[in-house]
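What the coordinates show
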Amino acid sequence: MTASYEVRGNVAVITLNNPPVNGLGFDTRKAAAEGIAKAEADATVAAVVITGAGKAFSGGADIREFGSPKALAEPNLLSLIAVVENCTKPVIAAIHTVCMGGGLELSLGCHYRVAAPGAKIALPEVKLGLLPGAGGTQRLPRALGVEPALNMIVTGEPVASELLAQVPGQQLFQKIITGDLLEGAIAFAREVADQRPLPKVRERKARFTNPEASPEAYFQFARNMVGGMSKNFPAPLRCLEAVAAAVTMKFEDGLRAEREGFAQLMLTPESKALRHAFFAERAASKIGDVPEDTPQRKIEKVAVIGAGTMGGGIAMNFLNAGLPVTILETRQDALDRGLATIRRNYEAQVKKGKLKEDKYQQRMALLTSTLNYADIRDADLVIEAVFEELSVKEAVFKQLDEVMKPGAILASNTSTLDVNRIAGFTQRPQDVVGLHFFSPANVMKLLEVVRGAATAKEVLATVMAVAKKIKKTAVVSGVCDGFIGNRMIEQYSRQAGFLLDEGCTPQQVDRAIEKFGFAMGPFRMGDLAGNDIGWAIRKRRYQEKPNLRYSKSADLLCELGRFGQKTQAGWYDYREGKRDAIPSPVVEAMLAKHRATLGHAQRQIGDEEIVHRLVYALVNEAAHLLEEGIAQRASDVDMVYLTGYGFPLWRGGPMCYADTVGLFNVVQTMQRFARNPADDAAFWEPAPLIQRLVAQGKSFS
Ligand code: NAD
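To keep things clear, this report deals only with the structure shown in the data block. (Residues numbered from 1 in each chain as written. Predicted model: local features only at pLDDT ≥ 70, side-chain atom pairs only at ≥ 80, totals over all residues. Heavy atoms only, no water.)

What about the packing of helix H2 (residues 77-85) against helix H3 (residues 102-109)?
- Axis separation between H2 and H3 bottoms out at 8 Å; the angle between their running directions is 25°. Relative to H3, H2 is oriented roughly parallel. As H2 runs across H3, the sense of the crossing is right-handed. Between H2, through Leu77, Leu80, Ile81, Val84 and Glu85, and H3, the contact on the second element is made entirely by Gly102, Glu105, Leu106 and Gly109.
- Looking at the contact of H2 with H3, its residues break down into five nonpolar, two polar and two charged. (Axes fitted to C-alpha atoms, helices over the stretch in contact; angles between N-to-C directions. Helix = DSSP H or I, 4+ residues; strand = E, 2+ residues; numbered from the N terminus. Parallel < 35°, antiparallel > 145°, perpendicular 65-115°, else oblique. Left-handed = near helix turned anticlockwise from the far one by under 90°. Contact = heavy atoms within 4.5 Å. Nonpolar A, V, L, I, M, F, W, Y, C, P; charged D, E, K, R; others polar.)

Okay, here's the thing in structure tokens:
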């Protein structure tokens, strides 16, 4: 049963029932249309109420049908809306909790709408790079007024029902019902049962709530504003044009314009990327061999070891989610410093108006600190964020093993060390997992969950749920040096170095990749994170893999003591207290001298080559990660780069980008790079997975 039908006196009630949010899938649409037919045929029925079971009126399209023929099978949403609108008896939508997308479009086909207060009303299609394609852009302006409708359609943000009911002249909601919604809706249905003609939103004019508004001027201003804000995304402007059509065209013509806009947006790479990211996020929360019903441990108390840069930020995540945290340090002064930083971070948020004073106090009240392991023994989850040295981690994990209660989850925030070795310092490796946060840990969305060889499924299921609770995007990684994100970035950095050797300046490389859409190019990023970190890693690599080629430029930079912003000199110069990157004559001279020793032909390298060399370096390494089983799926890699490394959202992540270009073309380009004597032929050997996919004519997705 996906929509039930019952008759209460002289009113038929159709209840959408397709958990979790009454998505308008094929079976639900069919059952709803059949309900209308039954009501038409029953002479005792004078009016019809449509409502939703459970926690929604309707959340819109059934995402399980996305891209499948079922999504368009008749009755499709447009047909169902036509059935409702053409019903000869009044149809009333009884709206509560959530009414979004197709759900709102269906209700706009009803003759009347009543709503419970607090219902979230939205047309969120723009967030997937689309526009509402079942009449939403034509009917909402007619029901609500042009300006608020445009705002809702262009932003996709939900607005509470009772606020919408206050819009002057609106006909979106005929009534806000504070008591029992269904009873109220049935009573309303009886009141209007005999009224004819039946009001249809399509027959109304789309009016401005400001009667003085000049449509031309209004839409021109709106175009300027929306165009400026939505730079890389075409959907918001298309939404705007569709709303303008509701004002300037007849309903049927406007509907056709809406359909055209929808069809065109559906084909844009930006919409594909947004839909890809939407599904990638959902996929990332699932682990192949850890079923959804895996038992979870209760996490009610958290401990953090180390109150440094990461420890403080990690603690804030849990405080924000209302979980008590105890921070442990070895020394009182380190503890005091860490706590002061947390306080300062919150105070800055209060000052900016982003956090209310009482919320700040509540959060601080959840925070305790200690120098003594006995005080954390009953924590359910402990996250270690001490110095990145195996011997320090060893001491901490041995302590934890001794004091923590059985069943506590022991997590490490290590970025480079072997989680299996860390687990081996305890007698309970099944309870050990990596939780790799990104800096600043209270801000960055990404959390790499590092699965050790012995990590229990229960532990994985629990930390994935915890990640959701603290609003992180968790992606599972196997154990390897650098996990998913940093192992890929190492190849990207190597390639960035080769570009310098061949004649690029750091600013040219940064500009090209930033124009592509990255939040920050490799050299500005190095200056921010500290170039000494990469230096230390490279020194290790020179021992491990003496034949691997690197550009020497980054080492020469570090030999000059230019570690980045913290030394006010890196790839760029910095003025005291400022973060603006200023091209450096010292670096330019250093690079010129270095290049002279190489004997490469210096050449002008175009932006496209720069971008492809950097992005394909990521893609090729990711293909190795997939083959080794370190990453579960290509879309997980995309989530890592979208949420942790500033990859442009409208391109969907490196793997989605490679698929958009076409893997055949990617390989052709890699082979061209391999022939460049100044580059490294071995670097551009396509990963076996890519070669296989190309041979089979397939893509990552
Ligand atoms: P940090 O130096 O800022 O902080 C480390 C803190 O741990 C210091 O306050 C220190 O007093 C404390 N500490 C040292 N030994 C301890 C012990 N035995 N018991 C209790 N406390 C102890 O370092 P950080 O940047 O916060 O890094 C911490 C961990 O997080 C490292 O493993 C690092 O690799 C990882 N990490 C760092 C970043 C980053 O960008 N900084 C990002 C991801 C992961």
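Side note on the sheet that holds strand S10 (residues 302-305)
- Spatially, the eight strands line up as an open sheet ordered S12-S11-S10-S13-S14-S15-S16-S17, and their pairing is mixed. The strands lining the two open edges of the sheet, one partner per strand, are strand S12 (367-370) and strand S17 (473-477). Neighbour-to-neighbour, the strand axes of this sheet turn through a mean angle of 25°, independent of strand direction.
- Across four bridges, strand S15 (residues 432-437) lies against strand S16 (residues 446-450) in antiparallel orientation. Considered in S16, the bridge of Leu435 is made with Val449.
- This element, helix H25 (residues 634-644), spans S16 and S17 of the sheet and lies at about 130° to S17. (Pairing = 2+ DSSP bridges.)

Things to note about the nonpolar core
- Ranked by internal contacts, the top residues of the largest apolar core, which has 68 residues, are Ile484, Trp571, Val615 and Phe700.
- Counting residues per element, this core draws most heavily on helix H24 (residues 607-627), at twelve residues.
- In contact with Phe700, other than residues within four places in its own chain, are Val619, Ala623, Leu626, Ala634, Met655, Ala658, Asp659, Leu663, Leu689, Ile690 and Leu693.
- Residues Phe57, Ile81, Ile95 and Val146 belong to the second largest nonpolar core, which totals 63 residues. (Core = buried A, V, L, I, M, F, W, Y, C linked by side-chain atoms within 4.5 Å. Buried < 20%, exposed > 50% of the residue type's maximum accessible area, 1.4 Å probe, protein only.)

Structural notes on helix H13 (residues 332-351)
- Between the first and last C-alpha of H13 there are 28 Å, a value that for 20 residues agrees with the 28 Å anticipated at 1.5 Å per step.
- Among the residues of H13, Ala334, Leu335, Gly338, Leu339, Ile342 and Tyr346 are the ones counted as buried. Relative to the axis of H13, the buried residues are bounded by an arc of 135° and lie together on one face. Exposed and facing more than 90 degrees away from the buried side of H13 are Arg337, Arg344 and Lys351.
- At its buried positions, H13 is contacted by helix H12 (309-320), strand S11 (325-328), helix H14 (357-365) and S12.
- Just beyond H13, the residue with positive phi is Gly353, at close to 80°. (Expected span 1.5 Å × (residues − 1). Arc of directions from axis to C-beta.)

Here's the deal with the site of the ligand
- Residues in close proximity to the ligand total 22 residues, the closest being Met310, Glu329, Glu388, Lys393 and Ser415.
- Between an oxygen atom of the ligand and a main-chain N or O atom of Thr309, the distance comes to 3.0 Å.
- Val386 has a polar backbone atom sitting 3.4 Å from an oxygen atom of the ligand.
- Protein coverage of the free-state accessible area of the ligand, which is 830 Å², stands at 78%.
- Contributing elements (two or more residues each) for the shell around the ligand: H12, helix H15 (390-403) and S15.
- Per element, the largest residue contribution to the shell around the ligand is three residues, and it comes from H15. (Near = heavy atom within 4 Å. Polar contact = N/O pair within 3.5 Å; in protein donor to acceptor, adjacent residues only side chain to side chain. Areas by Shrake-Rupley, 256 points an atom, 1.4 Å probe, with all protein chains shown as cover.)

The quantities given are spatial measurements derived from coordinates; they are silent on function.
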